[in-house]
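Each chain is listed here by its residues.
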Amino acid sequence: MASVTLTNVTKRFDEVVAVDNVNLEIKDKEFLVLVGPSGCGKSTTLRMVAGLEEITSGNIEIGKRIVNDVPPKDRDIAMVFQNYALYPHMDVYNNMAFGLKLRKFPKDEIDRRVKEAAQILEIEQLLDRRPKQLSGGQRQRVALGRAIVREPKVFLMDEPLSNLDAKLRVQMRTEISKLHDKLQTTVIYVTHDQTEAMTMGDRIVVLRDGVIQQVADPLNLYNQPNNMFVAGFIGTPPMNFLDATLVEDGGKYFLDGAGSFKIAIPEDLAKKTPELKEYLGRGVVFGVRPEDLSDASLAEKEVTEYNSFMAGVEVVEPMGSEIYLYLTLDDHSMIARVEPNSTAKVGDNVKLRVETEKIHVFDAETEEIIF
């Protein structure tokens, strides 16, 4: 296995900067996920590590060896694509064995590796079938098997689950995570699906327009986002953002929503953020996650005018264990995940209690987090 290090890596396509000065160290045996919207540079980054895309500047190291000019076949990596890329005229066994045959491996070694990989992936009974006889999930397992038999230093996976239906994606997420634990190998995984990123990654890299926004483990990314982009991208449903002015009253700080709300900032949060006083009288952005809003009529904790506000209900989505309320507050759309016994209906004005200890405040100009 091996670590992978990107140092000042940039990729330009004519005038377009697809990846901008990326610095990243992927540890040996780590499962690292690159996530971001379409066009953010995540697949381009992966392809540069694979050697399928030339870098414009910078260095890429695999296992302490600079591989900028090393062809893909000599980088000791294996790549799994979203379209499986299986040979339709070959059975599963030969699809998995093909790369090893090209490299002139002995027949018995090829047989051992293919059968071991098939056992790990529980596809032994499929070895004599052609790809057209397989389901989407089975084809994906074969594509993974073809990578496993290589016994590479690094696995590169480019949106490998995007062609599967929702239920199968959940199942294959679990399978790939178990596979990583079993093989103890380095994995770099690309996805646009932040649920995949949160559930699979040891660490997550959030990219936007070719620039790294934040690198952190899933919980830190969720609880301590660097900026509004990360806060809005990570989490389902996404964080709500409301415009506010920071004011002081009686020695306490409040987020003033011009008459729509006045939310008290807990004293412990204010004490931990001494730079907060620099924002007094200035516009800020108040961020609150849907699960930190609850139906005030059902609240077990105290409801006051400084930890609640009214919003209009536009859509109600019962989810069984919870209800999603799609709301409007002035010109803002919001989502709240409330208790399953909430009786809020479309057209109601509902009072929502805010879990103030979990709120975030962002600089309205830079969109960077204040706390």
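So, how was this worked out
- Residues numbered from 1 in each chain as written.
- Predicted model: local features only at pLDDT ≥ 70, side-chain atom pairs only at ≥ 80, totals over all residues.
- Heavy atoms only, no water.
- Helix = DSSP H or I, 4+ residues; strand = E, 2+ residues; numbered from the N terminus.
- Buried < 20%, exposed > 50% of the residue type's maximum accessible area, 1.4 Å probe, protein only.
- Contact = heavy atoms within 4.5 Å.
- Pairing = 2+ DSSP bridges.
- Axes fitted to C-alpha atoms, helices over the stretch in contact; angles between N-to-C directions.

A. Quick look at the overall build of the protein. When helices and strands are tallied, the protein shows 9 helices and 20 strands. Seen through its principal axes, the protein has C-alpha atoms that stretch 80 × 45 × 35 Å. Per-residue burial for the protein yields a buried fraction of 50% across its 371 residues. Put simply, 67% of the contacts in the protein that link residues at least 6 apart link residues at least 24 apart.

B. Here's a closer look at the sheet that holds strand S19 (residues 349-354). Taken in spatial order, the 5 strands of this open sheet run S15-S19-S16-S17-S18, and their pairing is antiparallel. Of all the strands in the sheet, just strand S15 (293-295) and strand S18 (332-338) have a single pairing partner and so form its edges. Strand-to-strand twist of the sheet, defined as the mean angle between neighbouring strand axes without regard to direction, takes the value 50°. For strand S16 (residues 308-318) and S19, the ladder comprises 5 bridges, and the chain directions are antiparallel.

C. Molecular detail of the side chain of Ser-294. Among the secondary structure elements, Ser-294 is positioned in strand S15. Those residues within four positions of Ser-294 in sequence are excluded, and the remaining contacts are Val-338, Glu-339, Lys-351, Leu-352 and Arg-353.

D. Examining unusual backbone geometry more closely. With an omega dihedral of -10°, the bond running from Thr-236 to Pro-237 counts as a cis peptide bond. Inspection of the secondary structure assignment puts Pro-237 in the loop between helix H8 (228-233) and strand S11 (240-249). A positive phi angle, close to 50°, is found at Asn-8, a residue other than glycine. Structurally, the position occupied by Asn-8 is in strand S1 (residues 4-13). For Asn-8, a relative accessible area of 37% puts it in the partly exposed group.

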